[in-house]
Amino acid sequence: MFIQTIDILGTVAFAISGVLVAMNKKMDPFGVFIIAFVTAVGGGTLRDILIGATPVFWMQDMTFILVISLASVFAVVFRNYIKHLRRSLFLFDTIGIGLYTVIGIEKGISADLHPIICVTLGTMSACFGGVIRDILCNEIPVIFRKEVYATACILGGLAYFGFDAFLQDQNLLFLIAGAVVIAIRLAAVIFKISLPSLYKKDS
């Protein structure tokens, strides 16, 4: 029940972030829903395909379709009340990657995979919905820029397995890992921390 709640919250956060991006691009209602949908389930779909968990999660539980639909309608109807769309997008996207990282880790653990693979699955679950969203919206995906994005997911995953030796409460471990991802992402933006660039600045 706890993991399912996290999964639903992550779906809501990513769906809203997808709506905000689509509306910034002036898409029609169908386009807005499609972007919300692929943002919410894209990473998890790829994860499930890789571990052979088919049909993938959203095909087995109509709750996800309902949640994405309601979150999309909510974001559209109350778009004028969601002030500073860029900040809102960042906030929902950050919450989404934190929650989906721990979901991917949980899936990997359930499949008896190596911890490194579990961290990889968590990172993919968190990031690839956003990658698909950005590609469809003709943007360079955040994960491919120098921003601390996937790195935050990786560090959150490592934190999970680091604390695993000291804590027995699985739910607490998931909360800590998710909080680490969110905290690192927030800190990176607030303090303008980024990965090193491979390119020289223009003179």
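Parameters at a glance
Residues numbered from 1 in each chain as written. Predicted model: local features only at pLDDT ≥ 70, side-chain atom pairs only at ≥ 80, totals over all residues. Heavy atoms only, no water. Helix = DSSP H or I, 4+ residues; strand = E, 2+ residues; numbered from the N terminus. Rg over C-alpha atoms; globule rule 2.2 N^0.38 Å. Buried < 20%, exposed > 50% of the residue type's maximum accessible area, 1.4 Å probe, protein only. Contact = heavy atoms within 4.5 Å. Axes fitted to C-alpha atoms, helices over the stretch in contact; angles between N-to-C directions. Parallel < 35°, antiparallel > 145°, perpendicular 65-115°, else oblique. Left-handed = near helix turned anticlockwise from the far one by under 90°. Nonpolar A, V, L, I, M, F, W, Y, C, P; charged D, E, K, R; others polar. Salt bridge = Lys/Arg side-chain N within 4 Å of Asp/Glu carboxyl O. Core = buried A, V, L, I, M, F, W, Y, C linked by side-chain atoms within 4.5 Å.

**Q** For this particular structure, what's the right way to read the overall build of the protein?
**A** In terms of regular secondary structure, the protein is built from eight helices and zero strands. Tracing the protein from N to C terminus, the helices and strands come up as α-α-α-α-α-α-α-α. At 17 Å, the protein has a C-alpha radius of gyration in line with the 17 Å of a compact globule built from 203 residues. Counting only C-alpha atoms and orienting by the principal axes, one finds that the protein spans roughly 55 × 50 × 30 Å. Within the protein, the fraction of its 203 residues that count as buried is 44%. Considering only residue pairs separated by 6 or more positions, the protein has 72% of its internal contacts joining residues 24 or more positions apart.

**Q** What's the story with the packing of helix α1 (residues 2–24) against helix α4 (residues 63–77) in this structure? I'm lost.
**A** When two helices pack together, you describe them by how their axes are tilted relative to each other and by the distance separating the axes. Packing of α1 against α4 leaves a shortest axis separation of 8 Å and a crossing angle of 45°. With respect to α4, the element α1 is oriented oblique. Considering how the two elements wind past one another, α1 and α4 form a crossing that is right-handed. Only T63, F64, V67, I68, A71, S72, F74, A75 and V76 of α4 make contact with α1, whose side of the interface consists of D7, I8, T11, V12, A15, I16, V19 and M23. Across the contact of α1 with α4, the residue classes tally to 13 nonpolar, three polar and one charged.

**Q** Please explain the pattern of salt bridges as it appears in this structure.
**A** Close approach of charged atoms lets side chains of opposite charge pair. Tallied over the entire structure, the rule returns six salt bridges. Where K25 meets E139, a salt bridge forms, and the shortest distance between an N and an O atom there is 2.7 Å. Placement of the pair is K25 in the loop between α1 and α2 (29–50) and E139 in the loop between α6 (115–136) and α7 (150–163), with a sequence separation of 114 residues. Assessed through its relative accessible area of 36%, K25 is described here as partly exposed. The class for E139 is partly exposed, based on a relative accessible area of 34%.

**Q** When you look at the environment of V21 in this model, what are you seeing that I'm missing?
**A** With respect to the element layout, V21 can be found in helix α1. According to the relative accessible area criterion, V21 is buried, its value standing at 9%. On a C-alpha basis, the gap between V21 and E139 in space is 10.0 Å, while along the polypeptide they are 118 residues apart. When residues no more than four places from it in sequence are discounted, the contact partners of V21 are L89, R133 and C137.

**Q** In this structure, what is going on with the nonpolar core? I would like to understand it.
**A** In a soluble, globular protein the nonpolar side chains are often hidden away together inside. Ranked by internal contacts, the top residues of the largest apolar core, which has 37 residues, are V41, W58, I68 and I97. Among the secondary structure elements, those contributing two or more residues to this core are α1, α2, α3 (57–60), α4, α5 (85–110), α6, α7 and α8 (170–190). Counting residues per element, this core draws most heavily on α1, at eight residues. Non-local contacts of I97, meaning those with residues more than four positions away in its chain, are made with F14, A126, Y149, C153, V181 and R185. Judged by nonpolar contacts, the second largest core, of nine residues, contains I103, I105, F174 and A177.

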